[in-house]
Amino acid sequence: MHDDGLQRHEASRSRLVFPMRAVLPVSRCLLLPLLVAAPLSALSSAAPHGTVYLHDGAVLSPLSGVYVTAKSLQGRLLKTARTDDGGRYLFAELPPQRIVLSSSRSGYYTDRAAGRSDSQVILDCSSNCAQGSIDFEMIRGAVVSGQVLDGLREPIDRVRISARPAAGSSGDSAFRRLPRSQLSSPTTTGAAQATTDERGRFRLAGLRPGVYRLTAQASASNSPRETRTIELEVHDGELIDGLTITLGSRAVFEVSGVLSGVSIAPGDRVRVRLEEESGSRRSFSASVTGAAAFRFPAVGEGRYLASATVSKGSPARSTRTVLDPIDVRGDTAGMVLRPAATGSVMGVVELQGGTAPPQFRLRLVSNDGLGARLFSIKPEDPRFELHDLLPGSYRIEAASSLFYVKGVRQGADLASASDVAVSSGSQRLSIAVAADYSHVYGTIREPSGRRPLPHPWAAVDGADGKVLVKADQQGRFVFGKIVPGEYRICAWADIQPYEVEDEASWEAAGCAENLIQVPPDSQVEIDLRAVP
Amino acid sequence: MRRLAALTLAAAALWAAEGPGDKPNGRISGLVRSATTGEPLKSVLTSLRLSSANTKFTRTAMSGPGGGFAFLGLPEGEYELTLRKSGYRTLTAVTARPNSHTGPDRSDPVFQLQPTGAVSGRVLDSEGEPVPEARVKVYALGYGETGAWVGVAARSESNDLGEYRVHSLPAGKYLVQVQPPRPGTPAGEFYAGTAAVYYPRTSAPSQALPVTVGWGHEVSGIDLELSRKAAYSVSGSVWDQTEGEPCFGCQVSAHQIDDGLVVDLPERTIVSPEGLFELHGLSPGDYKILVRHLDIDDRTAQRRVAITNRSLENIAITLGPGQPVWGEIVLEDPPDGVEPTDWTVYFSSVLLPSWAPDAEAEVEATSQFRLEGVPAETYRFEILGLPSGAYLKALQLAGQRLPALELEVFEHTPLLGVQAVIAFDGATITGHVRQGRSQSAGGGPIKARVALIPNPNQAAHLKAATAETMPDGSFSFDSVPPGAYTLYAAPSTNTVQLMDPAVQNALQSFARAVDLDPMQSVTVELPLAPTAN
């Protein structure tokens, strides 16, 4: 029985390939073929009906309690049916228009619709809604449940738990231009959230497979007011139970010692500052006595960046010295804090395309959690110097959307990426930036090519990462301020945002090799046909 | 390694490290324990607020592993202490004054927190399938001097398995209700228009089986069935008579009225620009449809409707300026020199006290009273400021005595000629509450709540009343209409509801009956009911 079901679905995966859609390149546009999947094969004259299956490994079994919804292309809900014990559903009557059918059940996600790797099906009921069995396959998502405790192993209520796909995960929804409203439920984006009860317990269900960042954030009235994030990989149907997240659990230690290697004259006022390396901005400060001694009565466990500030005279003139980072793992007496062997980075910023903005605002960000340094320079004097940097790996980022970083040349090496290696001593850099953004725009039409399709999705993937936009009522879309380069491009009548991260979605849509070249400072018009 | 419970002790250490000097050195400390097990409670969030000065001086701390907490370095003054912990009832507004001890104090006060209860179960449909995302609401069932009432205590939603759990409930009686999933979701659309269901399986709150939750107890297995039975709608129009236009933007809500219980249902809607409204998901029964102007608080209107087996249409409601209510005070055998000066006539909504506005007017020297612009509603009639021994005995309209001390104001009809009869033969009850069944059983006075309940089948003006004992255990009721009553006493800290007929029945052996003649004074020694928390 189950084997039969699988075979039937395999058979229904075959599809027609429509001829390549003619496009209207206005400028320097290169278009490769778009593949458009077939409509559902007409099997009978019955009203829309079908079966929803639970896909569990190699086994398909009917799934009851699934809500199958019929919506208009504009997203207006028309009808809802629910599957019976046999997984069957039936719409007795639907209005004569194009209909989007989808299936949903809490804790599950739709893997295939009408034999295709999709979460929904578009039916054309405008003249005759006669369709055969329209089946869905759903997969039980992963469940993560557990408890949030404080440092004394006591439960914390009202802690908000959110699971978001980690960058690069199959469920990644970190699109630059995705409206926040799309990031709500696990069935659409892979994200989920819950709140702990008075026992500190929570449950997240229906997670798609992938790596998630699970964040626990205590509410404002809770104490400790702390946020903790862990990374977690889940698989289909997996139950991760008994996960314990601890807030405010960090041990607190007394740290004392002396400051060495920093010049201190009588009458100087000296303070030592510890800043948590994790970027939490939690910091501790202690004054240094005449014997160069310091004492922190209660410092949380962790790694800290350290610095000493010596203030002289009145008005005070302060000198800051970067000290070696410290690890706090227990009560420590006799710690010696010494100046760190820091490095400097200096160089120029070169504009390699586009019009220079009034100033370049850039950020040197540590890849090792050593913080970030923001700096600004003017185009007329593009030199910069950054001192007191702890050795390590850094990257250069644009802190403004007026330009982007094309690459960094360090010494004789030309790096296509923006990475910088900082060691003790001085390093020279040349940072190439550009402001020659381009625009890609056009119209998305129905698979038949006859009419513009209202509100489809379009995505590009290339030099500027993945960018997803939704077209307007007339199917018009714009990718504004795209970094020039090579992209592949695709359009879908509807797609779940997380699916755009999935290579299979591009392949299923026939867009895997659908490449366009976006020249610098250009406007590229391209018309697309959507995949149903 | 030292694990410090919170920043508290670190902060305390910092305070202490600053030394006595000129710094404030007051100290407030305590121990927190479970009221049921007596074990120390750690991680209790304690907050301190200086209440005796116009400052924003606040401190927070967490109790440590031994349940202790301490605030050091406090300036002089009176502080308000609040203790909060997940799963325990918050203890608020505890008054505390700092002392000057700096070391450990064996005489630290002990604060007891009650562990809260929970109700849990599953939401299923008529075929036994779990229903996720169903909205579960728990109503506290209370008993006051004017009868039973319900109020929303907590809410939750069923998870992907259809399981729900409503927590942080104080001990008490509760009605458990399930409503369909939110509109806009696939499940919500599937169940659109489905009426709310009360445990175990009824759409009438009076037929619901109350769930009794004890301190620290979870009542599980309270399964709810959501079925797509026929539900009805109420639709119509709302006209704003004052503005002379449709009441666009006014809020319309449905309140189920069932055998004395009034349940605020979630069904609410906003009147359309054309003045139309439609409420869905109503099961058969009596309802009050309430209209409120969202900008003008006292502009309301209400209409009582009964749904039997069909939806109601064309319900026309006018949001008018209200009607005048005029009347006079009639004094029955008054003592010499009594004048109705400084008396106030006070109207409060019988069914929707939290929704409908109150109304009041001073009684004039001529014994007349005039209230203007009173919205249509049924009001409880009271007179404030009566002298000792006086009470409201009856209401009369057109020479006829009304069955209750209530007045119904209609939408289009002025209410004139109301007579409020005041009698002066009220009795007085004084007494003491004693620990144990009788004075001889031992035990001294205790802080208690005393309930005075009129026996059944007497005149409507005999009303229930409650009083708190003084520190010496004494209590009193005056201006009590003559008649037969029963008195009960329970500890003030107890949540047992003495107005609950079931509780009264259980406490028969601790009750004291009094039969009051006109102007009689009686003294009662009342045993404290040994009710458990």
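Residues numbered from 1 in each chain as written. Chains lettered and ligands numbered in written order. Predicted model: local features only at pLDDT ≥ 70, side-chain atom pairs only at ≥ 80, totals over all residues.

Residues and elements named next belong to chain A. In spatial order, the strands read S12-S11-S14-S15; together these four strands make up an open sheet with antiparallel pairing. If you trace the sheet from one side to the other, it starts and ends with strand S12 (192-195) and strand S15 (227-234), each paired once. Shown here is a sheet whose adjacent strand axes are inclined to one another by a mean of 20 degrees, direction ignored. (Pairing = 2+ DSSP bridges. Helix = DSSP H or I, 4+ residues; strand = E, 2+ residues; numbered from the N terminus. Axes fitted to C-alpha atoms, helices over the stretch in contact; angles between N-to-C directions.)

Quick look at the nonpolar core now. The tendency in soluble globular proteins is for nonpolar side chains to be buried as a group. Counting 185 residues, the largest nonpolar core has Ala-458 of chain A together with Val-119, Tyr-174, Val-176 and Val-238 of chain B as its most contacted members. Beyond its immediate sequence surroundings of up to four residues, Val-119 of chain B is in contact with Val-138, Val-166, Leu-169, Tyr-174, Val-176, Val-211, Val-213, Val-219 and Ile-222 of chain B. Counting residues in hydrophobic clusters, the runner-up holds 23 residues, among them Ala-451, Leu-452, Ile-453 and Leu-498 of chain B. (Core = buried A, V, L, I, M, F, W, Y, C linked by C-beta atoms within 7 Å. Buried ≥ 20, exposed ≤ 12 C-beta atoms within 10 Å, placed from the backbone. Contact = placed C-beta atoms within 7 Å.)

All names here are of chain B. Looking at chain B, the pLDDT average stands at 85 and 90% of residues meet or exceed 70. Segment residues 437-442 is flagged for pLDDT under 50; beyond a separation of four residues in sequence, or across chains, it makes seven contacts in the model. Prediction confidence for the complex, expressed as pTM and ipTM, is 0.66 and 0.76 respectively. (pLDDT = per-residue confidence, 0-100.)

Moving on, we come to the environment of Glu-513 of chain A. Position of Glu-513 of chain A relative to the elements: it lies in the loop between helix H3 (503-508) and strand S38 (515-518). Glu-513 of chain A gets classed as exposed once you count the C-beta atoms within 10 Å, which come to 11.

Below, the discussion takes up the environment of Val-271 of chain B. Residue and element names in this part refer to chain B. With respect to the element layout, Val-271 can be found in the loop between strand S20 (261-270) and strand S21 (276-282). For Val-271, a count of 26 C-beta atoms within 10 Å translates into the label buried. Separated by 20 residues in the primary sequence, Val-271 and Gln-251 have C-alpha atoms spaced 6.4 Å apart. Among all residues touching Val-271, those that are not within four sequence positions of it are Val-238, Pro-246, Cys-247, Phe-248, Gly-249, Cys-250, Val-252, Leu-276 and Phe-277.

What follows deals with the confidence of the model for chain A. Residues and elements named next belong to chain A. Mean pLDDT over chain A works out to 77, with 81% of the residues at or above the 70 mark. Per-element confidence in chain A ranges from a low mean pLDDT of 29 for helix H1 (residues 2-12) to a high of 94 for strand S9 (residues 136-140). Note that pLDDT drops below 50 for residues 1-46; the model gives that stretch 83 contacts with residues more than four away or on any other chain. Throughout residues 168-189 the model reports pLDDT below 50, and contacts reaching past four residues in sequence, or to other chains, amount to 53 contacts.

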